[in-house]
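# Results of the structural survey
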Amino acid sequence: MPCIQLSTNQILSSDKQTILKKNFGKAIEIIPGKSEKWLMCKFQSACDMWFQGEQKYVVFLEVSLYGEPEGKDIDQLTKQLTQIVSQELDIELENIYVKYSMTSYWGWNGKNLGR
């Protein structure tokens, strides 16, 4: 189950969140074995965020993945996610950051996957 969390100091409408979720669902398929069916998205808008000493529009994405994808797939996912965010929120690519967390333990339905 992948999870993408987006934090921004912009206000995200419900409609905008739906568009982002849909596009993230397509993008996650870059990673073999991942799909929108298992994707969890979390949106935090109107956050107090500072970047380069200023309160300019910025986005921080946190992507959590079960397993260890190949670097080329992570590179493609970063490119796709940042393009989606830049286009939908009108934010410069240089103001979008992506952090990845991979794990071999992921709990769901009362147990850990792959165990």
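Just above sits the structure.
Below is a summary of the structure that appears in this document.

About the cut-offs
- Residues numbered from 1 in each chain as written.
- Predicted model: local features only at pLDDT ≥ 70, side-chain atom pairs only at ≥ 80, totals over all residues.
- Heavy atoms only, no water.
- Helix = DSSP H or I, 4+ residues; strand = E, 2+ residues; numbered from the N terminus.
- Rg over C-alpha atoms; globule rule 2.2 N^0.38 Å.
- Buried < 20%, exposed > 50% of the residue type's maximum accessible area, 1.4 Å probe, protein only.
- Contact = heavy atoms within 4.5 Å.
- Pairing = 2+ DSSP bridges.
- Axes fitted to C-alpha atoms, helices over the stretch in contact; angles between N-to-C directions.
- Core = buried A, V, L, I, M, F, W, Y, C linked by side-chain atoms within 4.5 Å.
- Right-handed = clockwise from strand over helix to strand, strands pointing away.
- Expected span 1.5 Å × (residues − 1).

All right, on to the overall build of the protein then. Assigned secondary structure in the protein consists of two helices and six strands. From first element to last, N terminus to C terminus, the protein shows the α and β order β-α-β-β-α-β-β-β. Here the C-alpha atoms of the protein give a radius of gyration of 14 Å, agreeing with the 13 Å that 2.2 N^0.38 yields for 115 residues. In terms of overall dimensions, the protein has a C-alpha envelope of 45 × 30 × 25 Å along the principal axes. Counting over 115 residues, the protein shows a buried share of 37%. When contacts within the protein are restricted to residue pairs at least 6 apart in sequence, long-range pairs at least 24 apart make up 77% of them.

Strand pairs in the sheet, formed through backbone hydrogen bonds, run parallel or antiparallel to each other. Within the open sheet, the four strands sit side by side as β2-β1-β3-β4. Their pairing is mixed. If you trace the sheet from one side to the other, it starts and ends with β2 (40-44) and β4 (96-103), each paired once. Going across the sheet, the axis of each strand differs from the next one's by a mean of 15 degrees, ignoring polarity. Where strand β1 (residues 3-8) and β2 come together, five bridges link them in parallel fashion. In the sheet register, L6 faces β2, and the bridge partner there is F43. Strands in contact with helix α1 (residues 14-27) are β1, β2 and β3 (59-66); relative to β2, the strand with the most contacts, it is inclined by about 145 degrees. Across the sheet, helix α2 (residues 71-89) lies against β1, β3 and β4, angled at about 140 degrees from β4, the strand it touches most.

Moving on, we come to the environment of F43. Tracing the backbone shows F43 in strand β2. Here the alpha-carbon distance between F43 and V98, two residues 55 residues apart in the chain, equals 14 Å. If we skip the residues at most four places from it in the chain, F43 touches L6, L12, Q17, L20, K21 and F24.

Take the nonpolar core next. Residues L6, F24, L61 and L81 are the most contacted members of the largest nonpolar core, which totals 23 residues. Elements with a minimum of two residues in this core: β1, α1, β3, α2 and β4. Ranked by residues supplied to this core, first place goes to α2 with six residues. Beyond its immediate sequence surroundings of up to four residues, F24 is in contact with I4, L6, L39, C41, F43, L61, L81, I84 and V85.

Here the focus is the pairing of β1. Counting buried residues along β1, five of its six residues qualify, which places the element largely inside the surrounding structure. On the question of chirality, the crossover connecting β1 to the parallel β2 by way of α1 is right-handed. Looking at chain direction, β1 and β3 are connected through six bridges and run antiparallel. Note on β3: the bridge partner recorded for Q5 is E62.

Over its 19 residues, α2 runs 27 Å from end to end, which matches the ideal 27 Å to within 8%, given 1.5 Å per residue. Residues of α2 that are buried: D73, I74, L77, L81, T82, I84, V85, S86, E88 and L89. Here the buried face of α2 lies against β1, α1, β3 and β4.

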